[in-house]
Amino acid sequence: MHRWEGAFSIMGLCNIGVEVRVAGNSKRSHYASIMASKLLQRLRSTPLKEERGPGPPDEPPESAELVDDTEGLSLRLSGTLSLSEDSLASQESDGMGTSYLGSDGHGESKSQDENSSYTLLTKQLREMWERSQNVRIPIRLTFEVTDANIVQDAHAKYVLYTIYLLQTGQYDPSPAYISCRYSDLYHLKRRLLALFPSEMRGVSFPCKRVRKNFTPETIAKRSRAFEQFLCHVASLPALRASSAFLNFFYLRDIQKAQALTCAGLYKLALPIWTNSWRLQEKLCPSGPSTHRLLVLAGLVVCHQELDTLEEAQAFSERAVALLQDAQDKHISLLVPFLNAHIQLSWRVGIDKRESEALLQRLQETGHYNHNVPSLKEFLVKETIS
């Protein structure tokens, strides 16, 4: 044994011997012997430098560089990252999980270099987190099948899928949904393929099955396939803006809500009008359209009849704002919405002078007609196609 190695071994054993005598317990003694064995093995496995004569000093060891992997780290982390200086300070422990304690009974303090490294890492993570808060995530539309029920009626047995439309990239307080069958989506696919053969060439759709249409495996696979199909179609501008795609989502609901409103069943019609409006907000361009104005008229009428006047006034104001920039084919609806908006604003205590001035200008230019239908009459007469 080398003389230095022997000296360190004796010192290590003496220190451990003191710990054993103080503890005075058999388990501690056994633990001390294990520690002594580990210490000896560690010293033997580390060769000491031979004594050298005068010569050039040794080159300092290469320092490990801290690689800036914040971009990769941001991809691997999820959730809210909470960092503090104290969270990075912990006791140093050996391979057995035992902390080394100093003479004062507290953990040994880190060296200055180690503290600097931890501070640098904390700074990098904090900067990464601050950058992530300022990054604008693009908002896109996604589709999610949330429910699938097997329905048996007098004519057929089928699966009814509930598909939610959600805007990702921000909190969506008003998700919209549709309920449809496999055959509904299949007919949508065939119609889009006929209208846009080149765009639909690479779009996949689940095949028809003769058997096992109602097994959980088939329903689950079709649900995922429907989500992918709709997301793909919605990502193509020409398909998303087509009347075939838009009408698939809200046309039947508008027809149903119109029938209920004309029958005076306002409480049943209102949630259908509301969902139709949310669908249009997510799918349609921002400008006015006949379907959008029809939905706004239904919302104003139902809220007014159910005495929720603030909501009715808000939707009438939205319609007036859309119609001020409308083309001639929609300008005829501006007067009915203005009349409703003026009346509702007066009832809820909101300034109506701007709407009255606009109505006065329309009268002076010849667009005002005292025989214009009310919004309820517009709903009854309008044919939806």
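Below is a short write-up of the structure. (Residues numbered from 1 in each chain as written. Predicted model: local features only at pLDDT ≥ 70, side-chain atom pairs only at ≥ 80, totals over all residues. Heavy atoms only, no water.)

1. Focus: the overall build of the chain
Alright, step 1. Along the chain, the regular secondary structure elements total 15 helices and three strands.
Alright, step 2. Counting over 385 residues, the chain shows a buried share of 32%.
Alright, step 3. Considering only intrachain contacts with a sequence separation of at least 6, the fraction spanning at least 24 residues in the chain is 60%.
Alright, step 4. Roughly 25400 Å² of accessible area belongs to the chain as shown, and the carbon and sulfur atoms make up 53% of that amount. (Helix = DSSP H or I, 4+ residues; strand = E, 2+ residues; numbered from the N terminus. Buried < 20%, exposed > 50% of the residue type's maximum accessible area, 1.4 Å probe, protein only. Contact = heavy atoms within 4.5 Å. Areas by Shrake-Rupley, 256 points an atom, 1.4 Å probe, with all protein chains shown as cover.)

2. Focus on unusual backbone geometry
Alright, step 1. With a phi close to 60°, Lys 212 is a non-glycine residue in the positive phi region.
Alright, step 2. With respect to the element layout, Lys 212 can be found in the loop between helix H5 (182-195) and helix H6 (216-234).

3. A few points about a positive patch on the surface
Alright, step 1. A surface patch of like charges, here positive, comprises Arg 209, Arg 211, Lys 212 and Lys 221.
Alright, step 2. Tracing the backbone through its elements, the reader meets Lys 221 in helix H6.
Alright, step 3. Residue Lys 221 is classed as exposed on the basis of its relative accessible area, which comes to 64%. (Patch = residues over 30% accessible without salt bridge, like charges linked within 9 Å, V, L, I, M, F, W, Y side chains within 5 Å. Salt bridge = Lys/Arg side-chain N within 4 Å of Asp/Glu carboxyl O. Lys, Arg positive; Asp, Glu negative; His and termini not counted. Charge placed at Lys NZ, Arg CZ, Asp CG, Glu CD.)

4. Considerations on helix H10 (residues 290-305)
Alright, step 1. For H10, which comprises 16 residues, the first-to-last C-alpha distance of 22 Å matches the rise-based estimate of 22 Å (1.5 Å per residue) to within 8%.
Alright, step 2. H10 sits mainly inside the fold: 13 of its 16 residues count as buried. (Expected span 1.5 Å × (residues − 1).)

5. Comments concerning the nonpolar core
Alright, step 1. Ranked by internal contacts, the top residues of the largest apolar core, which has 76 residues, are Phe 143, Ile 163, Leu 230, Phe 245, Phe 249, Trp 273 and Phe 337.
Alright, step 2. With ten residues, helix H8 (residues 243-262) is the single largest residue contributor to this core.
Alright, step 3. Sequence-distant contacts of Ile 163, that is, excluding residues within four places in its chain, are made with Phe 143, Glu 144, Val 145, Ala 176, Tyr 177, Ile 178, Cys 180, Leu 185 and Leu 230. (Core = buried A, V, L, I, M, F, W, Y, C linked by side-chain atoms within 4.5 Å.)

6. Comments concerning the pairing of strand E2 (residues 157-168)
Alright, step 1. Sheet topology note: the strand E1 (residues 140-152)/E2 ladder contains twelve bridges and is antiparallel. Within the sheet, the bridge partner assigned to Phe 143 lies in E2 and is Leu 165.
Alright, step 2. Between E1 and E2, which follow one another and run antiparallel, lie four residues. (Pairing = 2+ DSSP bridges.)

7. As for the packing of helix H13 (residues 334-348) against helix H14 (residues 353-364)
The relative placement of two packed helices comes down to the angle between their axes together with the axis-to-axis distance.
Alright, step 1. Running from N to C, H13 and H14 cross one another at 150°; their axes reach a closest spacing of 10 Å. Taken together, the axes of H13 and H14 are roughly antiparallel relative to one another. Considering the relative orientation of H13 and H14, their crossing is left-handed. In contact with Leu 334, Val 335, Leu 338, Asn 339, His 341 and Ile 342 of H13, H14 contributes Ser 355, Glu 356, Leu 358, Leu 359 and Leu 362.
Alright, step 2. Classifying every residue of the contact of H13 with H14 by side-chain character gives seven nonpolar, three polar and one charged. (Axes fitted to C-alpha atoms, helices over the stretch in contact; angles between N-to-C directions. Parallel < 35°, antiparallel > 145°, perpendicular 65-115°, else oblique. Left-handed = near helix turned anticlockwise from the far one by under 90°. Nonpolar A, V, L, I, M, F, W, Y, C, P; charged D, E, K, R; others polar.)

8. Quick notes on the sheet that holds E1
Alright, step 1. Spatially, E1-E2-E3 is the arrangement adopted by the three strands of the open sheet, whose pairing is antiparallel. On the outer flanks of this sheet lie E1 and strand E3 (176-180), each paired with one strand and no other. Mean inter-strand twist for the sheet, computed between neighbouring axes without regard to direction, equals 20°.
Alright, step 2. Looking at chain direction, E2 and E3 are connected through five bridges and run antiparallel. Bridge pairing in E3 links Tyr 161 to Cys 180.
Alright, step 3. The strands touched by helix H9 (residues 266-283) within the sheet are E1, E2 and E3, with E3 carrying the most contacts at an inclination of about 105°.

9. Examining the packing of aromatic side chains
Alright, step 1. Following the criterion strictly, the structure yields twelve aromatic pairs and no others.
Alright, step 2. With a centroid separation of 5.8 Å and 40° between ring planes, the pair formed by Phe 205 and Phe 226 is classed as tilted. Of the two residues, Phe 205 is situated in the loop between H5 and H6 and Phe 226 in helix H6; the sequence distance between them amounts to 21 residues.
Alright, step 3. Taking 5.0 Å as the distance between ring centres and 80° as the angle between the ring planes, the aromatic pair formed by Phe 205 and Phe 229 counts as edge-to-face. In this pair, Phe 205 is assigned in the loop between H5 and H6 and Phe 229 in helix H6, connecting sequence segments 24 residues apart. (Phe/Tyr/Trp six-rings, centres within 6.5 Å; stacked < 30°, edge-to-face > 60°.)

10. Considering the pattern of salt bridges
A side chain with one charge can pair with a side chain of the opposite charge if their charged atoms come near.
Alright, step 1. In this structure the tally under the stated criterion is eight salt bridges.
Alright, step 2. A salt bridge links Lys 282 to Asp 172, with the nearest nitrogen and oxygen atoms 2.8 Å apart. Here Asp 172 lies in the loop between E2 and E3 and Lys 282 lies in helix H9, a separation of 110 residues in the sequence.
Alright, step 3. On the basis of relative accessible area, Lys 282 is assigned to the buried category, the value being 6%.
Alright, step 4. Relative accessible area serves as the criterion here: at 13%, Asp 172 is assigned to the buried category.
Alright, step 5. Where Glu 227 meets Arg 224, a salt bridge forms, and the shortest distance between an N and an O atom there is 2.9 Å. Residue Glu 227 and its partner Arg 224 are both found in helix H6; the two are separated by three residues, about one turn of the helix.
Alright, step 6. Taken together, the shared-partner salt bridges connect Glu 281, Arg 292 and Arg 318 into one network.

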